[in-house]
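One letter stands for each residue in the lines below.
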Amino acid sequence: MTATLASVPAGTWTIGTPRLLAGLDRYATIDHAAHLAVRGPLPYADRPRLTALLEDVALSGRGGAGFPFAAKLRAMPRGHGTVIVNGSESEPASFKDRTLLRRAPHLVLDGALAVAAAIGARHVKVAVHDTAAALAVRRAIGERSDCRRVRVAQVSGGFVGGEARALLRGLSGGPALPPGRRVHLTQNGTLLSNVETYAHIAVALRLGPHRFRESGTHAEPGTTLLTVGGAVERPGVVEVPLGTPLGIVLSAASAAPPQAVVVGGYHGTWQALQPDLQLCHANGLGAGVISVLDDSTCAMGELARVAGWLAAQSARQCGPCRFGLPALARDVAGVAAGHDVAAAFHHAHAVDGRGACHHPDGAVRFVTSGLRLLREETVRHRTAGGCGRSIRGQLVVPT
């Protein structure tokens, strides 16, 4: 059976003891009463204690950038700040944040409210693009008496619009595009992180540092959420201890023998099967996506489709994004049609590291890792006019 990520919402499962997904085996959506029954009350921690806790458990952001959350807390000015939950899950191959917002919204709210209380923030905003997630969060807010400061804001959900600075501009009424200058949001009194990160804060407050560290690795304690899809019989959102070997996840997902594995989503990398690869952020886990391509699909065609989509997501604010990514996408389509790869690598080199945001860098990383891994495929396409396989859509491209 070959499944695509379009079926991801159907399944959540765990390897090891669930933390973020606790209770989802019993409830479709966990309301506040069930949330308290499953997890108990949320302990309060002031700013020094919360910072020390999150530093002790080495909690980093789960949106892809992996920035230490304790460093954000230390950088925040005192009082009158705003806490923003970034639920604009714009990575097409990911469904983990929407799963938490739709099914366990109170865990996310717990984390955001705990941070707001610790830093004295007056406002909490939950930014989402998914209508079902927005409804679930609004319903959860209505079930609580401590959410008077919480507001839900629906955003466009564009790929570049999910970047932190672009999201903040969009919430402020401007275009949801990254500004040219890279300024830390904490300088403006804004503490922003993604949905899964706030859920981990709520878990860490309840478990404490020692129990939190019972899962994961020494360098990266705890668990993480993965969206597993492509050529697997059991697609879905899975919670695993950080450091879990890739082979264990693929076996549990009943993956087909892989032609390639994409790790980290569409700003991630193409890799040959490495069963012992530890899934952690130090090894490029990025947005927490594992996509499997088997030998029934044209991998070069899959790469070209995603490269074209990434080019279309350009912010069009700088030359590398406006001109470089479309040229790179045309080159990759040309390789799939039998052309040489030299032009693609030339344009990739011209784009890499020169953009106003990280989108060109991520797109180049995705494309060049694919071209290197599929070197034999590029030769086959050039010498034989193709590989003889159809494009199965094992890498999802939004229409």
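Shown above is the structure to which this text applies.
Residues numbered from 1 in each chain as written. Predicted model: local features only at pLDDT ≥ 70, side-chain atom pairs only at ≥ 80, totals over all residues. Heavy atoms only, no water.

Quick look at the packing of aromatic side chains now. Using the criterion set out here, one finds 5 aromatic pairs in the structure. For the ring pair Tyr266 and Trp309, a centre distance of 6.3 Å and an interplane angle of 70 degrees mean the geometry is edge-to-face. Separated by 43 residues along the polypeptide, Tyr266 in the loop between strand S8 (258-263) and strand S9 (269-271) and Trp309 in helix H10 (residues 299-312) bring together distant segments of the chain. Members of the aromatic cluster, connected to one another through ring pairs, are Phe159, Tyr266, Trp270, Trp309 and Phe366. Directly above the aromatic system of Phe212 lies the positively charged group of Arg19, at a separation of 5.2 Å from the ring centroid. Taking NZ or CZ as reference, Arg234 lies 4.3 Å from the ring centre of Trp13, over its face. (Phe/Tyr/Trp six-rings, centres within 6.5 Å; stacked < 30°, edge-to-face > 60°. Helix = DSSP H or I, 4+ residues; strand = E, 2+ residues; numbered from the N terminus. Lys NZ or Arg CZ within 6 Å of the ring centre and 35° of its normal.)

Across all of its chains, the model carries 1 cavity of 30 Å³ or more by this definition. Estimated volume of the largest cavity: approximately 40 Å³. In terms of lining residues, the largest cavity is bounded by Ala307, Leu310, Ala311, Leu325, Leu328, Ala329, Ala363 and Val367. Every element with two or more residues in the lining of the largest cavity is listed here: H10, helix H11 (319-336) and helix H13 (359-373). Split into classes, the residues belonging to the lining of the largest cavity amount to 8 nonpolar, no polar and no charged. (1 Å grid on protein atoms, 1.4 Å probe; cavity = no way out; pocket = protein on both sides within 12 Å on 5 of 7 lines; lining within 4 Å. Points joined across faces, edges and corners; volume = space filled by probe spheres on them. Nonpolar A, V, L, I, M, F, W, Y, C, P; charged D, E, K, R; others polar.)

With mixed pairing, 6 strands are arranged side by side in an open sheet as S1-S7-S6-S10-S8-S9. In the strand order of this sheet, the two ends are held by strand S1 (12-14) and S9, each with one partner. Adjacent strand axes in the sheet meet at a mean angle of 25 degrees when their direction is disregarded. Relative to S9, S8 runs antiparallel, the two sharing 3 bridges. Looking at the pairing, Val263 lines up with Thr269 of S9. Docked against the sheet, helix H4 (residues 96-103) engages S1, strand S6 (223-230) and strand S7 (236-241), running at close to 115 degrees with respect to S6. Taken strand by strand, H10 contacts S8, S9 and strand S10 (289-294), and its axis lies near 170 degrees from that of S9. (Pairing = 2+ DSSP bridges. Axes fitted to C-alpha atoms, helices over the stretch in contact; angles between N-to-C directions. Contact = heavy atoms within 4.5 Å.)

The next subject is the pairing of strand S3 (residues 123-128). Summarising the sheet, strand S2 (residues 82-87) and S3 pair through 6 bridges and their orientation is parallel. The residue of S3 that forms the bridge with Gly87 is Val128. Inspection of the sheet shows S3 paired to strand S4 (residues 150-154) by 5 bridges, in the parallel sense. The partner of Val124 across the bridge, within S4, is Val150. This β-α-β element, S3 to helix H6 (residues 131-142) to S4, shows right-handed connectivity. (Right-handed = clockwise from strand over helix to strand, strands pointing away.)

With respect to the helices, strands and loops of the structure, Ser193 is situated in strand S5 (residues 190-194). Residue class for Ser193 comes out buried when judged on its relative accessible area of 5%. If we skip the residues at most four places from it in the chain, Ser193 touches Gly61, Phe69, Lys72, Ile84, Val85, Asn86 and Tyr198. (Buried < 20%, exposed > 50% of the residue type's maximum accessible area, 1.4 Å probe, protein only.)

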